[in-house]
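Residue-level listing of the chains:
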Number of protein chains: 2
Amino acid sequence: MAEKIDLKRIARELNLAVSTVSRALRDSYEISEETKQKVFALARQLNYEPNPYASSLRRQRSKTIGVVLPELPNNFFTHVVNGIEWVARQKGYHVLIYITHEQMEQEISLIRHLQSGRVDGVLASVCAGTQDIAHFRSLHQHGIPLVFFDRVCEDSGFPTVTTNDYEASYHATVHLIQQGCRHLYHLTLPLHLSITRKRLQGFLDALQQYQLPVNESTVLIAKDMDLFYDQLDQLLCSTQPPDGIFAAVEKLVLLVYHICQKRHIRIPSQLKVLAFSNLETAPLLAPPLTTITQPAFEIGKKAAELLFRKIEKKRDILEQMHYVIPSALVIRDSTRSLGQALSNQSAAEWIHSA
Amino acid sequence: MAEKIDLKRIARELNLAVSTVSRALRDSYEISEETKQKVFALARQLNYEPNPYASSLRRQRSKTIGVVLPELPNNFFTHVVNGIEWVARQKGYHVLIYITHEQMEQEISLIRHLQSGRVDGVLASVCAGTQDIAHFRSLHQHGIPLVFFDRVCEDSGFPTVTTNDYEASYHATVHLIQQGCRHLYHLTLPLHLSITRKRLQGFLDALQQYQLPVNESTVLIAKDMDLFYDQLDQLLCSTQPPDGIFAAVEKLVLLVYHICQKRHIRIPSQLKVLAFSNLETAPLLAPPLTTITQPAFEIGKKAAELLFRKIEKKRDILEQMHYVIPSALVIRDSTRSLGQALSNQSAAEWIHSA
């Protein structure tokens, strides 16, 4: 009954037939995109809830889940998607991958596109700029389950799967300090994301713990990559260069390697470097890169399992909403202190669970 | 008229109502997946052509194109997809990415999934095992345009965008020979694909040109990656190891680097190595890797432009069906001959258009 009233109200306010609104909400090919957008927009405003029958029909139709990524699979997301597909295949589902390119408008437009019922559920890692999550709530209102992974919106009420960003970051920083670093810098992305904030906090707390100085230049935030390259170049060539760099993001550590190669700055003797990274070639770089390696496959697998529990309306989803899978600190030559025997690049990798 | 008859015939043979068949062919939510599959299967058999009106309706509905990849975006496909999305964004289209994981069954199932009209067009790079392309023809019969890129099916009558695999491979092999290599090996994937065959042919022709020996062990084909690692390990540790390796595929050259690191085989003094690769870290490896770098972004951009011409039913698509965009040989330390001054890793990169 409640639904009928909503349909009628939407129809009245948009001056459309109830049947048109109903078809639009079911994404019928008979309705223009333009009308659908109007209807969806108002339906969101009115918190219109499609009835379970309609959404079960929708489910029957798609047999696909959508994976929303902020960027094209880098080494981390590649393993995540493998984990997701491992689960999806067992369920006989197709996996669609959507890229937002860190553009919030793209993210909003994709999510609206998805809520018309093209997929039965969505796994999302949000883009760096995302603060308002109205579009995700609206997806939920359209009866499409959502699970966040890695880049999650905390306290949003949606299930999340993450790694132990704070602890991993803290332990990695302690490792740099124990290797002799005293002028440490943290490279990261804009701090809207909870994971970048947690990684920064772990870094700062370790510095404080060891009474090492922190000033406003200790944290470099990459907004524009070209500007950031120059900024980093100046820092590494300054009269007081850092002796240790911790990159919270894989692509930022590659800039460090490029600059060190160009400027003949020796890693690790002059500068020790580590990063959050699942870079396949990390052990093959000159020198091999010490990484905080995330359990990417497991994150994807767990997130997909959670999503399918919701799609299949399993009750036990309510038991636990938030999963944290620990990362591992993989120590290689890029953080070796002069004394150490880790010499040649057949780097015996010491893996510490961070 | 022709269509009505087909619809009636499909309905009769499947013992369904014509209206049901019609809705099934339009992927209506009112029809079960099972029925749709039956209808699609028979429609394919009968070469049923949906009328242009129906498919234009379908087009209105989706505003998405599908990209079918054999594996998760490695460095090459990442740039390709960026090129595709660059075009799609201008057209106001969403891009869906589907992964076949080199499984032909996956490819067939995805293409069937797509031909129900979820997308307005498809860009595909086929998996290594694909020989029969009936599923792609059937997609075409459902009125959904298709363009092949990189891993194409030649003589299939579909537009293709590729690089100059034969010439690039020939010139790269000549480079290895000029750097002093006399015992050359070619690492590649199973030879169903035209690109792997062309790359192999370019390699073999260069060897013949320089009267270098070719025997059955000169070409190593990677079927199972674990087995291949052992096979490669034995080759590199044998009493007559190669002095030059040409990997036709990026992931195969990384195995070479791993084994050389483990076995302390020095690149390039003991072994010179090059590969088809768009690996972002190629200049940062120990030593920097000489690559045949494909114009990935341009390939994606051109393929998407061709697809949209077909989607928009532009005539001039008929003028040219096959585009070849040349790759570049980027020479780095991994193929340096002892005499050369390319010493340290700030590798001044000599780029030759192959």
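For every chain, the first residue of the written sequence is number 1, and numbering continues from 1 along that sequence. For naming, the first written chain is A and the first written ligand is 1, with later ones following in the order written. It should be noted that, the model being predicted, local features are given only for residues of pLDDT at least 70 and side-chain atom pairs only at 80 or more, the latter also being counted only at that level, while totals for whole chains, interfaces and linings use all residues. Just so you know, side-chain values use all the structure's heavy atoms and leave hydrogens and water out.

A. The overall build of chain A, seen in detail. Comment: elements are numbered from the N terminus, with helices defined as DSSP H or I runs of at least four residues and strands as E runs of at least two. A tally of helices and strands in chain A yields twelve helices and 13 strands. Partly exposed residues are those whose accessible area sits between 20% and 50% of the maximum for their type, while under 20% is buried and over 50% is exposed, using a 1.4 Å probe and protein chains only. The 354 residues of chain A split such that 60% are buried. By definition in these notes, contact holds between two residues if any of their heavy atoms fall within 4.5 Å. Counting contacts in chain A only where the partners sit at least 6 residues apart, residues at least 24 apart contribute 72% of the total. Note on areas: Shrake-Rupley, 1.4 Å probe, and residue coverage restricted to the protein chains presented here. For chain A, the computed accessible surface area is about 14400 Å², with 50% contributed by carbon and sulfur atoms.

B. Up close: the domain arrangement of chain A. All names here are of chain A. According to the domain assignment, chain A contains domain 1 (7-50), domain 2 (59-162 + 296-319) and domain 3 (165-293 + 328-349). One C-alpha centre belongs to domain 2, the other to domain 3, and the line joining them spans 30 Å. Listed per partner, the contact involves 15 residues of domain 2 and twelve residues of domain 3. Summing the contributions of domain 2 and of domain 3, the shared interface buries around 1100 Å²; its carbon and sulfur component is 50%. The working definition used for a salt bridge is a side-chain nitrogen of Lys or Arg within 4 Å of a carboxyl oxygen of Asp or Glu. Across the domain 2-domain 3 interface, the total number found is zero salt bridges. Polar contact is the term for a pair of N or O atoms within 3.5 Å; when the atoms are in protein, one must be able to donate a hydrogen and the other to accept it, and sequence-neighboring residues count only if both atoms are side-chain atoms. In this structure, the connection of domain 2 to domain 3 is made through zero residue pairs in polar contact (both at pLDDT 80 or more). Here the element with the most residues in the side of domain 2 that touches domain 3 is helix α5 (residues 75-90); it accounts for three residues. A per-class count over the side of domain 2 that touches domain 3 returns six nonpolar, five polar and four charged. These domain limits were set by an automatic method or by a database of domain assignments. Throughout, buried area stands for the accessible area (probe radius 1.4 Å) lost by two parts on being put together, summed over both. Three classes are used, and their members are as follows: Ala, Val, Leu, Ile, Met, Phe, Trp, Tyr, Cys and Pro are nonpolar, Asp, Glu, Lys and Arg are charged, and the others, Gly among them, are polar.

C. Structural detail: the pattern of salt bridges. Applying the stated criterion across every chain yields a total of 18 salt bridges over all chains. Here the salt bridges do not stand alone but share partners, grouping A:D233, A:K262 and A:R263 into one network.

D. Quick peek at the pairing of strand β10 (residues 290-293) of chain B. Residue and element names in this part refer to chain B. Of the strand pairs in this sheet, strand β9 (residues 272-276) and β10 are connected by three bridges, and their pairing is parallel. Across the sheet, residue L274 finds its bridge partner in β10, namely T290. Strands pair, by our definition, only if DSSP identifies at least two bridges between them. Where β10 and strand β12 (residues 328-331) come together, three bridges link them in antiparallel fashion. By the bridge assignment for β12, T291 is matched with V330.

E. Focus on the packing of helix α5 (residues 75-90) of chain B against helix α12 (residues 296-311) of chain B. All names here are of chain B. With their axes 7 Å apart at the nearest point, α5 and α12 run at an angle of 40 degrees to one another. Compared by their axis directions, α5 and α12 come out oblique. Once α5 is placed against α12, the crossing between them reads as right-handed. Contacts between α5 and α12 involve F76, H79, V80, N82, G83, I84, W86, V87 and A88 on the former and, on the latter, A296, F297, I299, G300, K301, A304, E305 and F308. Looking at the contact of α5 with α12 residue by residue, the classes come out as eleven nonpolar, four polar and two charged. Lines fitted to C-alpha atoms define the axes here, with helix axes fitted over just the stretch in contact, and angles between the N-to-C directions of these axes take values from 0 to 180 degrees. Any angle that is under 35 degrees is reported as roughly parallel, and any over 145 degrees as roughly antiparallel; angles of 65 to 115 degrees are reported as roughly perpendicular and all others as oblique. Should the near helix be turned anticlockwise from the far one by less than a right angle, the crossing is termed left-handed; should it be turned clockwise, right-handed.

F. Region of the structure containing the packing of aromatic side chains. All names here are of chain B. Side-chain rings of Phe, Tyr and Trp (the six-membered ring for Trp) are treated as a pair once their centres are within 6.5 Å; stacked means planes under 30 degrees apart, edge-to-face means over 60, and tilted covers the remaining angles. If you walk through the whole model with that rule in mind, you get 18 aromatic pairs over all chains. For the ring pair Y93 and F308, a centre distance of 4.9 Å and an interplane angle of 85 degrees mean the geometry is edge-to-face. Residue Y93 is found in the loop between α5 and β2 (94-99), and its partner F308 is found in helix α12; the two are separated by 215 residues along the sequence. Note on accessibility: Y93 and F308 belong to one class, buried.

G. Broad picture of helix α11 (residues 250-263) of chain A. All names here are of chain A. One less than the number of residues in a helix, times 1.5 Å, gives the span that helix is expected to have. With 14 residues, α11 extends 20 Å from end C-alpha to end C-alpha; this agrees with the ideal 20 Å at 1.5 Å per step. In terms of burial, α11 is largely enclosed, as ten of its 14 residues are buried. If you check which residues of α11 are buried, you get E250, L252, V253, L254, L255, V256, Y257, I259, C260 and Q261. Its buried side turned inward, α11 meets α5, β6 (184-188), α10 (225-236), β8 (244-247) and β9 (272-276). Directly after α11, the chain includes H264, whose backbone phi takes a positive value near 55 degrees.

H. Structural context of the nonpolar core. Only buried Ala, Val, Leu, Ile, Met, Phe, Trp, Tyr and Cys residues count toward a nonpolar core, and they belong to the same one when joined by side-chain atoms within 4.5 Å. Counting 62 residues, the largest nonpolar core has A:L232 and B:L232 as its most contacted members. Counting 58 residues, the second largest nonpolar core, distinct from the first, contains A:F77, A:I99, A:F149 and B:Y93.

I. Geometry of the side chain of A:H101. Within the secondary structure, A:H101 sits in the loop between β2 (94-99) and α6 (104-115). Apart from the residues lying within four places of it in its own chain, the contact partners of A:H101 are A:L69, A:P70, A:L72, B:N82, B:E85 and B:R89.

J. Looking closely at the pairing of β6(A). All names here are of chain A. In terms of residue burial, β6 counts as a mostly covered element, since five of its five residues are buried. The alternating pattern of β6 places L184, H186 and T188 on one face and Y185 and L187 on the opposite face, and all of these are buried. Sheet analysis places β6 next to β8, joined by four bridges and oriented parallel. Bridge pairing in β8 links Y185 to I245. With three bridges connecting them, β6 and strand β7 (residues 219-221) associate as parallel partners. Bridging from a neighbouring strand, L187 pairs with L220 of β7.

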